[in-house]
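Survey of secondary and tertiary structure
Okay, here's what each chain looks like letter by letter:
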Amino acid sequence: MDDKLRRIYVPMTETGFYILFCLQKESHGYNITQKVKELTKGQVVISPGTMYGTLSKMEKDGLIVFSHEEEKRKIYQITEIGREILEIELRRIERLYQNSKEDV
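Values in this document were obtained by computation on a predicted structure and should not be read as measured data.

So, a nonpolar patch on the surface
A contiguous nonpolar patch, built from Phe21, Leu39 and Leu90 and spanning about 210 Å² of accessible area, is present on the exposed surface. Examined against the element boundaries, leucine 90 turns out to sit in helix α5 (residues 80-100). The class of leucine 90 is partly exposed, set by a relative accessible area of 30%.

As for the packing of aromatic side chains
Applying the stated criterion across every chain, the model contains 3 aromatic pairs. When the centroid spacing of 5.4 Å and the interplanar angle of 75° are considered together, the rings of phenylalanine 17 and tyrosine 18 count as edge-to-face. The two residues phenylalanine 17 and tyrosine 18 agree in class, both being buried. Between the aromatic rings of phenylalanine 17 and phenylalanine 21, the centroid separation amounts to 5.7 Å while the plane-to-plane angle is 20°, which identifies the pairing as stacked. With phenylalanine 17 and phenylalanine 21 both in helix α2 (residues 14-22) and 4 residues apart, this pair spans about one turn of that helix. Cluster of aromatic residues (ring-pair linked, three or more members): Phe17, Tyr18 and Phe21.

Some remarks on the environment of valine 45
Within the element layout of this structure, valine 45 appears in the loop between α3 (29-39) and α4 (48-60). Relative accessible area serves as the criterion here: at 56%, valine 45 is assigned to the exposed category. Distance in space between the C-alpha atoms of valine 45 and isoleucine 64 is 21 Å, their sequence separation being 19 residues.

A look at the nonpolar core
Side chains of a nonpolar character, in soluble globular proteins, are inclined to be buried together. Core analysis: the biggest nonpolar cluster contains 24 residues, and Ile19, Leu20, Leu23, Ile32, Leu55 and Met58 have the highest contact counts within it. Mapped by element, the contributors of at least two residues to this core are α1 (3-9), α2, α3, α4, β2 (73-78) and α5. Element by element, the count of residues in this core is highest for α2, at 5 residues. Among all residues touching methionine 58, those that are not within four sequence positions of it are Tyr9, Met12, Gly16, Ile19, Leu20, Leu63 and Ile64.

Focus on the pairing of strand β1 (residues 64-70)
Sheet topology places β1 next to β2; 6 bridges connect them, and they run antiparallel. Paired with phenylalanine 66 across the bridge in β2 is tyrosine 76. Once β1 ends, the chain turns through 2 residues before running back antiparallel as β2, passing glutamate 71 with a positive phi of about 50°.

Here's the deal with α4
Between its terminal C-alpha atoms α4 stretches 18 Å, which fits the 18 Å expected from 13 residues at 1.5 Å a residue. Residues Met51, Thr54, Leu55 and Met58 constitute the buried set of α4. Projection of α4 onto a plane perpendicular to its axis shows the buried side chains occupying an angular sector of 100°, all on one side. Turned more than 90 degrees from where α4 packs its buried face, Gly49 and Lys60 sit exposed. Here the buried face of α4 lies against α1, α2, α3, β1 and β2.

Analysis parameters
- Residues numbered from 1 in each chain as written.
- Predicted model: local features only at pLDDT ≥ 70, side-chain atom pairs only at ≥ 80, totals over all residues.
- Heavy atoms only, no water.
- Patch = residues over 30% accessible without salt bridge, like charges linked within 9 Å, V, L, I, M, F, W, Y side chains within 5 Å.
- Areas by Shrake-Rupley, 256 points an atom, 1.4 Å probe, with all protein chains shown as cover.
- Salt bridge = Lys/Arg side-chain N within 4 Å of Asp/Glu carboxyl O.
- Helix = DSSP H or I, 4+ residues; strand = E, 2+ residues; numbered from the N terminus.
- Buried < 20%, exposed > 50% of the residue type's maximum accessible area, 1.4 Å probe, protein only.
- Phe/Tyr/Trp six-rings, centres within 6.5 Å; stacked < 30°, edge-to-face > 60°.
- Core = buried A, V, L, I, M, F, W, Y, C linked by side-chain atoms within 4.5 Å.
- Contact = heavy atoms within 4.5 Å.
- Pairing = 2+ DSSP bridges.
- Expected span 1.5 Å × (residues − 1).
- Arc of directions from axis to C-beta.

Structural measurements only, silent on function.
Structure below.
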């Protein structure tokens with residue numbers, strides 16, 4: 001994996017994390033927005049501008065790829081590089097969680 005991508009995406013923003021997490025299954029922007037609201041019980045709401053800006057950047061950087069179009073909606077899916085970035089971030093979050101349980 002490109003070190004530049006690692007520096008850009010790790011640590012990830014919460015929005016970026018949820019978008020990449022949701023794209024483990026093919027999806028479109030609006031569906032991701034709804035899934036994130038559901039997962040976070042409404043605590044994280046991704047605006048359309050943020051959603052489509054992030055999708056565009058992740059596609060340009062090779063983390064996701066356009067799959068096809070359905071009813072004028074672009075369907076995206078995660079790439080192998082995206083999966084690597086997501087795994088790194090999940091391990092980082094897990095480490096933070098485990099460390100937070102330790103006595104200081």
